[in-house]
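# Survey of secondary and tertiary structure
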Amino acid sequence: MSSSPTDFIPFARPDIGEVEIEAVARTLRSGWVTTGPETKAFESEFAAYLGGGVQAIAVNSATAGLHLALEAIGIGPGDEVIAPTLTFTATVEVARYLGADAKLVDVDPVTLNIDPACIEAAITPRTRAILPVHYGGLACDMAAIFDIARRRGLQVVEDAAHALPTTSQGTLVGQLPSAAAVFSFYANKTMTTGEGGMVVTRDERLAQRMRVMRLHGISRDAFDRFSSRTPAWYYEIVAPGFKYNLTDTAAALGRVQLQRLPAFLARRRQLAARYLAELRDLPLVLPADAPVGETHAWHLFVLRLADAARVTRDEVIQRLSDAGIGTSVHYVPLHRQPYWRDRYGLTPEQFPVAEAAYQRMFSIPLFTAMSDDEQARVIGALRSIFE
Ligand SMILES: *Cc1c(COP(=O)(O)O)cnc(C)c1O
């Protein structure tokens, strides 16, 4: 690959090699392209990767997984779920699919994760669940969140789209005592299936419900109980389910990516460590690292302009773009999005931390296929902006 200084460095680029291409081609040649043996193998390998006896249910997006999880725990009309404002709309749009409402709350100024004190303050008699998002790949304060959930009788469903792999007090996200955790395999996540996701739970009843609802409400119980007697063509519809199953072509890609995940993590850590070391003297607030001994997935590397920076966030993004470097902003907070703002009459003053962060934040390239030279160009471009 060429590395001329005019080459554009995207904000993210999937790391898909010949092994993945071969696995997908093998699946295409097999004649079975929808959900089948590859998906089943992907689910059991993913569950084994997390450990702790979790069940894994493959779906065609994390959004689908979040919808299934909220449906399975019984979220419905009139209920409320609490989520951070600094997230992607998928975290909470699924509550609206079910006729429930989202209570958006502010984040912690250091980690940018949901602030437990804000959760506590947002609880009403209608509150049913807390939806923590492990922002950028750093675990939320799960001890505090589980404490609130236990005391107030709430469920926890983790939006773990950034958190593969992430630990909280030494335990992998996916193995924590929440009702469910939902991972994303969207193109820019820490591993990809193009589009796809995985819901994990240790609750057998929830797992069964999500499996049924993932595919049209078709119950497999009839097959399982009477497998020798029930004809192959027979099935029973027990609910108006969804069409959220993952294809075998996507699962074949995912199985290879999962095997590469330890190497992906090592590379992300290396890139993050270099950014942390080489950007520390600039007028920037660097992203919080994980506590010693914990795993940060480093899905994102989010910088914030410090008070001493004499440029605006938009100017920095323009200067980087002029230097051939892609950036993004994670996120335009939901309280600023017309739908959520107008539905709940939200104002920036209600979310001072997320609002201040949003004004100053930008995400720089961090992806495993990025070369050391490309990273040096990003660092050099940032340095030249602040000199
Ligand atoms: C990517 C993402 C999602 C949605 O994932 P999909 O697989 O695209 O549905 C949800 N929440 C967060 C925080 C995300 O970053």
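It should be emphasised that the depicted structure is a prediction, and the values quoted were computed from it without experimental measurement. (Residues numbered from 1 in each chain as written. Predicted model: local features only at pLDDT ≥ 70, side-chain atom pairs only at ≥ 80, totals over all residues. Heavy atoms only, no water.)

### A word on the overall build of the protein
Across its full length, the protein holds 13 helices and 14 strands. A principal-axis box enclosing the C-alpha atoms of the protein has dimensions of 75 × 55 × 40 Å. Within the protein, contacts between residues at least 6 apart in sequence are counted, and of these 72% link residues at least 24 apart. The centroid of the 38 positive side-chain charges in the protein is displaced by 3 Å from the centroid of its 43 negative side-chain charges. (Helix = DSSP H or I, 4+ residues; strand = E, 2+ residues; numbered from the N terminus. Contact = heavy atoms within 4.5 Å. Lys, Arg positive; Asp, Glu negative; His and termini not counted. Charge placed at Lys NZ, Arg CZ, Asp CG, Glu CD.)

### Description of the site of the ligand
Neighbouring the ligand are 16 residues; Thr-63, Asp-159, His-162, Ser-184 and Lys-189 lie closest to it. Ala-62 has a polar backbone atom sitting 2.9 Å from an oxygen atom of the ligand. Here an oxygen atom of the ligand and a side-chain polar atom of Tyr-331 are 3.1 Å apart. Within the complex, the protein chains bury 93% of what would otherwise be the 380 Å² of accessible surface of the ligand. Going through the elements one at a time, α3 (62-72) and α4 (90-97) are the ones with two or more residues in the shell around the ligand. Taken together, the residues of the shell around the ligand break down into seven nonpolar, seven polar and two charged. (Near = heavy atom within 4 Å. Polar contact = N/O pair within 3.5 Å; in protein donor to acceptor, adjacent residues only side chain to side chain. Areas by Shrake-Rupley, 256 points an atom, 1.4 Å probe, with all protein chains shown as cover. Nonpolar A, V, L, I, M, F, W, Y, C, P; charged D, E, K, R; others polar.)

### Some thoughts on the sheet that holds strand β3 (residues 101-105)
Across the sheet, which stays open at both edges, the seven strands sit in the order β1-β9-β8-β5-β4-β2-β3 with mixed pairing between neighbours. Edge positions in the sheet fall to β1 (55-59) and β3, since each has one partner strand and no second. Adjacent strand axes in the sheet meet at a mean angle of 25 degrees when their direction is disregarded. As judged from the three bridges shared by strand β5 (residues 155-159) and strand β8 (residues 180-184), these two strands associate in the parallel manner. Paired with Glu-158 across the two strands is Ala-181, which belongs to β8. In the packing of α3 onto the sheet, contacts are made with β1, β5, β8 and β9 (197-201), and the angle to β8 comes to roughly 170 degrees. Along the sheet face, helix α6 (residues 142-152) touches β4 (127-130) and β5 and points at about 150 degrees away from the line of β5. (Pairing = 2+ DSSP bridges. Axes fitted to C-alpha atoms, helices over the stretch in contact; angles between N-to-C directions.)

### Regarding the domain arrangement of the protein
What the domain assignment reports for the protein is domain 1 (18-105 + 113-258) and domain 2 (261-386). Put simply, the middle of domain 1 and the middle of domain 2, counted by C-alpha atoms, are 27 Å apart. Buried area between domain 1 and domain 2, both sides added, is near 2,700 Å², and the carbon and sulfur share of it is 62%. On the surface where domain 1 and domain 2 come into contact, there are one salt bridge. Notably, a salt bridge pairs Arg-343 with Asp-101, separated by 2.8 Å at the nearest N-O pair. On inspection of domain 1 and its partner domain 2, the count reaches 19 residue pairs in polar contact (both at pLDDT 80 or more). (Domains from an automatic or database assignment. Buried area = accessible area lost by both parts, 1.4 Å probe. Salt bridge = Lys/Arg side-chain N within 4 Å of Asp/Glu carboxyl O.)

### Some thoughts on the sheet that holds strand β14 (residues 361-363)
Read from one edge of the open sheet, three strands run β12-β13-β14, paired in antiparallel fashion. Each end of this open sheet is capped by a strand with a single partner; those strands are β12 (284-285) and β14. Sheet topology places strand β13 (residues 302-305) next to β14; three bridges connect them, and they run antiparallel. Bridged to Leu-303 within β14 is Phe-362. Along the sheet, helix α12 (residues 352-360) makes contact with β13 and β14, crossing β14 at roughly 60 degrees.

### Things to note about the pattern of salt bridges
In the structure shown here, the tally under the stated rule is 25 salt bridges. Between Arg-255 and Glu-38 there is a salt bridge, with the nearest N and O atoms lying 3.0 Å from each other. One end of the pair, Arg-255, is in helix α9 (residues 248-278); the other, Glu-38, is in helix α2 (residues 37-50), with 217 residues separating them in the sequence. The salt bridge involving Glu-80 is made with Arg-126; its shortest N-O contact spans 3.4 Å. Of this pair, Glu-80 sits in strand β2 (residues 80-84) while Arg-126 sits in the loop between α5 (116-122) and β4, and the two are 46 residues apart along the sequence. One network of salt bridges, in which partners are shared, links Glu-80, Arg-96, Asp-101, Lys-103, Arg-126 and Arg-343.

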